[in-house]
Structures are given as structure tokens and as C-alpha cells.
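Summary of the model geometry
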Amino acid sequence: GATLAMRGSAPAQLGMHLVDDLQFDPKAKRLKISQLKIDLNQPAPAKPGSVEVKGEWPVAAGPGNLACTVRGLDLSPWLPMTRAMAAEQLPPIPFEADETIERLADGKLNLKGETRVGLTAPGAAGMPAEALPVKIQNELAIAGQKIEKMLVDFNGKAGTQPGDHIHLEGTGLLGAITAVD
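In this report, we go over the structure that sits alongside the text. All values derive from a computational prediction rather than experimental measurement.

1. Some points on the overall build of the protein
The helix and strand tally for the protein stands at zero helices and 10 strands. If you list the helices and strands of the protein from N to C, you get β-β-β-β-β-β-β-β-β-β. For the protein, restricting intrachain contacts to residue pairs at least 6 apart in sequence, the fraction spanning at least 24 positions comes to 38%. Surface accessibility of the protein: about 11,900 Å² in total, with carbon and sulfur atoms responsible for 61%.

2. Comments concerning the environment of proline 91
One can find proline 91 in the loop between strand 5 (64-74) and strand 6 (94-103). Residues proline 91 and proline 77 lie 14 residues apart in sequence; the distance between their C-alpha atoms is 9.4 Å.

3. A word on the pattern of salt bridges
As enumerated under the stated definition, the model contains nine salt bridges in all. Between glutamate 56 and arginine 30 there is a salt bridge whose closest N-O contact spans 3.3 Å. Separated by 26 residues along the polypeptide, glutamate 56 in strand 4 (residues 49-58) and arginine 30 in strand 3 (residues 30-41) bring together distant segments of the chain. Arginine 71 is the salt-bridge partner of aspartate 98, the closest N and O atoms lying 2.8 Å from each other. Taken together, the residues span a long stretch of sequence, with aspartate 98 in strand 6 and arginine 71 in strand 5 at a distance of 27 residues. The partly exposed category is assigned to aspartate 98, whose relative accessible area is 26%. Overall, the relative accessible area of 31% leaves arginine 71 in the partly exposed class. Taken together, the shared-partner salt bridges connect Arg71, Glu96, Asp98, Glu114 and Arg116 into one network.

4. Brief notes about the environment of glutamate 148
Mapped onto the fold, glutamate 148 is located in strand 9 (residues 146-156). On the basis of relative accessible area, glutamate 148 is assigned to the partly exposed category, the value being 33%. When residues no more than four places from it in sequence are discounted, the contact partners of glutamate 148 are Lys108, Ala141, Ala143 and Thr171.

5. What about the pairing of strand 8 (residues 130-143)?
Note: strand 8 against strand 9, 10 bridges, orientation antiparallel. Each bridged residue has a counterpart across the sheet, and for valine 134 the counterpart in strand 9 is glycine 156.

6. Focus: the side chain of aspartate 74
By the element assignment, aspartate 74 lies in strand 5. Given the relative accessible area of 9%, aspartate 74 is considered buried. A polar side-chain atom of aspartate 74 sits 2.8 Å from the main-chain amide nitrogen of isoleucine 93.

7. Describing the environment of asparagine 155
In this structure, asparagine 155 sits in strand 9. For asparagine 155, a relative accessible area of 26% translates into the label partly exposed. Leaving out residues up to four positions away in the same chain, asparagine 155 has contacts with Pro133, Val134, Lys135, Asp164 and His165.

8. Quick word on the side chain of aspartate 153
The topology assignment puts aspartate 153 in strand 9. Put simply, aspartate 153 is tucked away with no salt bridge, and the nearest opposite charge, on lysine 135, sits 7.6 Å away. Among the polar contacts listed, one links the side chain of aspartate 153 to the side chain of asparagine 155, at a separation of 3.4 Å. Excluding its chain neighbours within four sequence positions, the residues that come into contact with aspartate 153 are Lys135, Ile136, Gln137, His165, Ile166 and His167.

Each value, and the rule that gives it
- Residues numbered from 1 in each chain as written.
- Predicted model: local features only at pLDDT ≥ 70, side-chain atom pairs only at ≥ 80, totals over all residues.
- Heavy atoms only, no water.
- Helix = DSSP H or I, 4+ residues; strand = E, 2+ residues; numbered from the N terminus.
- Contact = heavy atoms within 4.5 Å.
- Areas by Shrake-Rupley, 256 points an atom, 1.4 Å probe, with all protein chains shown as cover.
- Salt bridge = Lys/Arg side-chain N within 4 Å of Asp/Glu carboxyl O.
- Buried < 20%, exposed > 50% of the residue type's maximum accessible area, 1.4 Å probe, protein only.
- Pairing = 2+ DSSP bridges.
- Polar contact = N/O pair within 3.5 Å; in protein donor to acceptor, adjacent residues only side chain to side chain.
- Lys, Arg positive; Asp, Glu negative; His and termini not counted.

What follows is the structure, given as C-alpha cells:
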């Protein structure tokens, strides 16, 4: 187990169980990950969740691919560490993801996947809050400092209400944030 605290937040107890099946080929300079799974016993009241990675990745230049799966995580115990909200204000916020990262022989990176977050929408006057599942599909292609393709698609629907949809698409250059006040 571990204790995790961010500046100004209460510490959170965290239990982990690591399962790994990794092989490193020093001649090819490649890491083969048959299974790298972290089972997290999250801070109360959240239930256990897991993060799993599989694939092959070069330590030096060359192609590679990784698949990352997140299951059963609850974001609500983690948000108070950012001091955004107090824990007692938060309902469970389930989080799951399926992402793939591909590095091509020419160094280009591709990221593609789907993230699901279970938010809560406030109910109408006198009505209970409704579940608001949000699905985010993403695709990103990067070559050096250039974003060749960026696609982010947000979909959310609360109960019987019509769904909301936001679609972002573009290209551009990568930047860096050097300071934040």
C-alpha cells in the first residue's frame, strides 16, 4: 500500500497489487509486455479498479504498440486531492478507458480510443439527480512537433433527455506550458 497526498490535501490510503509479465530484449532494445496490471484499492468509498497495459515498445527508435485498459476506477476520491471539491460533495464518478498507442517506424505517434465517465446531472426542481454518462472518442496523430490529426468526439445523455454531442477536429503544432499561476 501507499499514502498519496498533494500539497494542501488530506492524504489518501491506496492499496495496490501488481501483476506483471515483462520481457526485455536487449539486442532488439524492445520491451514486450504480455501483462502489466495494477489493481487499485482506491480511497474510500470507492471500490477497487484496475489499469492494464499490453504490447511491445521500443526503448530506442522503432515501431511499437501499447493497449491500455482502465476498468472500475472512481474519480471522486481523487478529486479532493486537487482541492477542486470536498469529498462529501461528490457522488461516485466511474471512469473507464480503452486506448491504443502506436509508434510507427518513422517516429509518428498515433493515439486512438474511447473514455467513459459517469457524471451526475442535477435533477429538475424537486427531482433527484440523473446519471449522465459521457463517452469521449479520440484520435490523435503526431509527427515531431506537428499534430497531423486531432479528433475528439463527446457524447452525453441524461435519462430520457436528448443527448448532447460535441465534435472537435483539427491540426496544428504542439506547444508547451512553461508556467501557471
